[in-house]
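# Results of the structural survey
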Number of protein chains: 2
Amino acid sequence: MLTPLRKVTEVVMGITDRKLRQKEEVRTSILDTAWEIVVTEGWSSFSIRKVADAIEYSVPVIYSHFENKEAILLEFNKKGFQLLVDALTTAKSKTTQPADQIRAMGKAYWNFAFANEEYYQLMFGLGIPSCDSKDKIPALGDFSQVIMSSIVAMAAPGKTPTFNPWLKYQSFWSMLHGLVSINMVAPDRVNAEEGHKDLPIQVLDDVLCSFIRGIEAAESARPD
Amino acid sequence: MLTPLRKVTEVVMGITDRKLRQKEEVRTSILDTAWEIVVTEGWSSFSIRKVADAIEYSVPVIYSHFENKEAILLEFNKKGFQLLVDALTTAKSKTTQPADQIRAMGKAYWNFAFANEEYYQLMFGLGIPSCDSKDKIPALGDFSQVIMSSIVAMAAPGKTPTFNPWLKYQSFWSMLHGLVSINMVAPDRVNAEEGHKDLPIQVLDDVLCSFIRGIEAAESARPD
DNA sequence: TTACTTTTCGTAACGGTGTTAGCAAAACTA
DNA sequence: TAGTTTTGCTAACACCGTTACGAAAAGTAA
């Protein structure tokens, strides 16, 4: 009202801008609240109704921002993969030696998983009904790329025609994911047996060591 | 009534026997029906109410056989681990060479997982709210034993003081579980990329090969 | 057979979930 | 100020796991 000489179109734009801004605020408050619930109470007690309650809106408001519950999960799934890729990239950048990069990424993968258990559980559907992530996670391409480039770099000098980086990448990922998920789902059984303390870290080292040796030995290997 | 000369106690026993038998029949029909639902419609659409409907009893009847839904899951969980241990044992018995035993068990593990996806999903909580399996699955001890004995046998000749079979067992399991679960949760992404057909099997071979080399090389290894 | 007791089991409820139709109130426009 | 659009709430639907309670069936004793 006090703004002098504003054209009608300007006013309209201002209003729609504010509306968009407000809508965006509600959206982020949904995501923030949802995440808070997940972190404090776990995935199992995360519900649309609880979020609606917490943000002091009615349930259908949430459905005007997200098509359904799965869409909210997908949002966190994307962010989780982005965080993971960032963590791997940072770890990788600390050295130029391919074998060290692989070691560093392996440890970064482990650290990410246990510093962000909720993300990891969602990303790989550990114990919760997750969302279909295929084709919807842009960072998944970066994920394979950042790992595979180190593998390729490592094998480059004396590479064999049968050497398959994609295969090695999957071995790498499988080993890491298996290690993480077993320790995340059944921690006490695996850790505390007969006083084996921080054994998972030893297993991680062992597995990374085997993997790197496997690539180093790729030139003289017979693929039986 | 037509049975001549039965003592009262005999009649009573007969009745209680029949009652026990009938109760057992209902119990197995619950489990059978539940399993049928899981196999045909997946874990997500398995519910107490659906089972009650299918066996033509009311819901509370199920609660007189199982404390809750989780108790039913636990039943399948136990059976799944027993089947897995059996599969591994059978595969192992085909040869006496420890390295071949490990290879055979690795492949048997993979085959079990994809021949019994529902079991595997439940046992390792892939995408479903699973039950707390710790301390309740008797076959879990056999599982570690059947694998570890081959590992020990393999390393026995020139074993190093630092060689840790329990650690190697966990590496083995982690690799296998990672490989299986990644291929079970996101099959198309991993398999069909750029026409890589039955690549998972190659990865399995690669991973098993690395693992066995890792044990063979244990004597001369520096644990960096 | 009859009267009493125990077991069995179905109805209906409680509190929770995801999702959506329909309508009232608020906000904006003319 | 009157009309239109947007916004958001109430209430419902169809599920879910779990359980209190009462009726009917089955077994027991006279």
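A brief structural summary. Since this is a predicted model, take the numbers as computed values, not measurements.

Attention now goes to the side chain of A:Ser181. Tracing the chain through its elements places A:Ser181 in helix α8 (residues 165-185). A relative accessible area of 1% means that A:Ser181 is categorised as buried. Of note is the side chain of A:Ser181, whose polar atom sits 3.4 Å from the backbone oxygen of A:Gly178. What A:Ser181 contacts, discounting residues up to four positions off in sequence, is A:Leu126 and B:His177.

All right, on to the environment of A:Glu41 then. Residues and elements named next belong to chain A. Relative to the helices and strands, Glu41 is located in helix α1 (residues 8-41). The class of Glu41 is partly exposed, set by a relative accessible area of 44%. With 21 residues separating them along the chain, Glu41 and Ile62 place their C-alpha atoms 20 Å apart.

All names here are of chain B. Where helix α5 (residues 98-115) contacts helix α10 (residues 199-216), the axes come no closer than 10 Å and their chain directions differ by 150 degrees. One way to sum up the angle between α5 and α10 is to call them roughly antiparallel. Judged by the sense of rotation from one axis to the other, the crossing of α5 with α10 is right-handed. Taking contact as the criterion, the partners of Ala99, Ile102, Arg103, Gly106, Lys107 and Trp110 in α5 are, on α10, Pro200, Ile201, Leu204, Asp205, Leu208, Phe211, Ile212 and Ile215. Partitioned by chemical class, the residues of the contact of α5 with α10 number 10 nonpolar, 1 polar and 3 charged.

Every one of the 18 residues lining DNA strand C counts as a neighbour, but A:Arg18, A:Arg49, A:Tyr63, A:Lys69 and B:Ser58 are closest to it. Take the atoms of DNA strand C that sit within 4 Å of the protein: sugar and phosphate atoms are 58% of them. A:Tyr63 has a polar side-chain atom sitting 2.7 Å from a phosphate oxygen of DNA strand C. Backbone polar atom of A:Lys69 to a phosphate oxygen of DNA strand C: 2.9 Å apart, as the coordinates give it. At the level of elements, α1, α2 (48-55) and α3 (59-63) of chain A together with α3 (59-63) of chain B are the ones that each hand at least two residues to the surface near DNA strand C. Per-class residue counts for the surface near DNA strand C are 9 nonpolar, 3 polar and 6 charged.

Locating A:Asp135 in the fold gives a position in the loop between α6 (117-123) and α7 (139-155). For the pair formed by A:Asp135 and A:Thr90, sequence separation is 45 residues and the distance between their alpha carbons is 25 Å.

Note: interface size is frequently given as the accessible area lost on complex formation between the parts. In this assembly, 37 residues from chain B lie in contact with 37 residues from chain A. Each partner contributes to the roughly 3,600 Å² buried at the junction of chain B and chain A, and carbon and sulfur atoms together form 59% of this total. Remark: the boundary between chain B and chain A carries 2 salt bridges. Close ionic contact of A:Lys168 with B:Asp206 constitutes a salt bridge, the shortest N to O distance being 2.8 Å. Between chain B and chain A we count 8 residue pairs in polar contact (both at pLDDT 80 or more) in total. Going through the elements one at a time, α8 (165-185), α9 (187-191) and α10 of chain B are the ones with two or more residues in the side of chain B that touches chain A. Ranked by the residues each element gives to the side of chain B that touches chain A, the list is headed by α8(B), at 14 residues.

Here is what the cut-offs are and how they apply
Residues numbered from 1 in each chain as written. Chains lettered and ligands numbered in written order. Predicted model: local features only at pLDDT ≥ 70, side-chain atom pairs only at ≥ 80, totals over all residues. Heavy atoms only, no water. Helix = DSSP H or I, 4+ residues; strand = E, 2+ residues; numbered from the N terminus. Buried < 20%, exposed > 50% of the residue type's maximum accessible area, 1.4 Å probe, protein only. Polar contact = N/O pair within 3.5 Å; in protein donor to acceptor, adjacent residues only side chain to side chain. Contact = heavy atoms within 4.5 Å. Axes fitted to C-alpha atoms, helices over the stretch in contact; angles between N-to-C directions. Parallel < 35°, antiparallel > 145°, perpendicular 65-115°, else oblique. Left-handed = near helix turned anticlockwise from the far one by under 90°. Nonpolar A, V, L, I, M, F, W, Y, C, P; charged D, E, K, R; others polar. Near = heavy atom within 4 Å. Buried area = accessible area lost by both parts, 1.4 Å probe. Salt bridge = Lys/Arg side-chain N within 4 Å of Asp/Glu carboxyl O.

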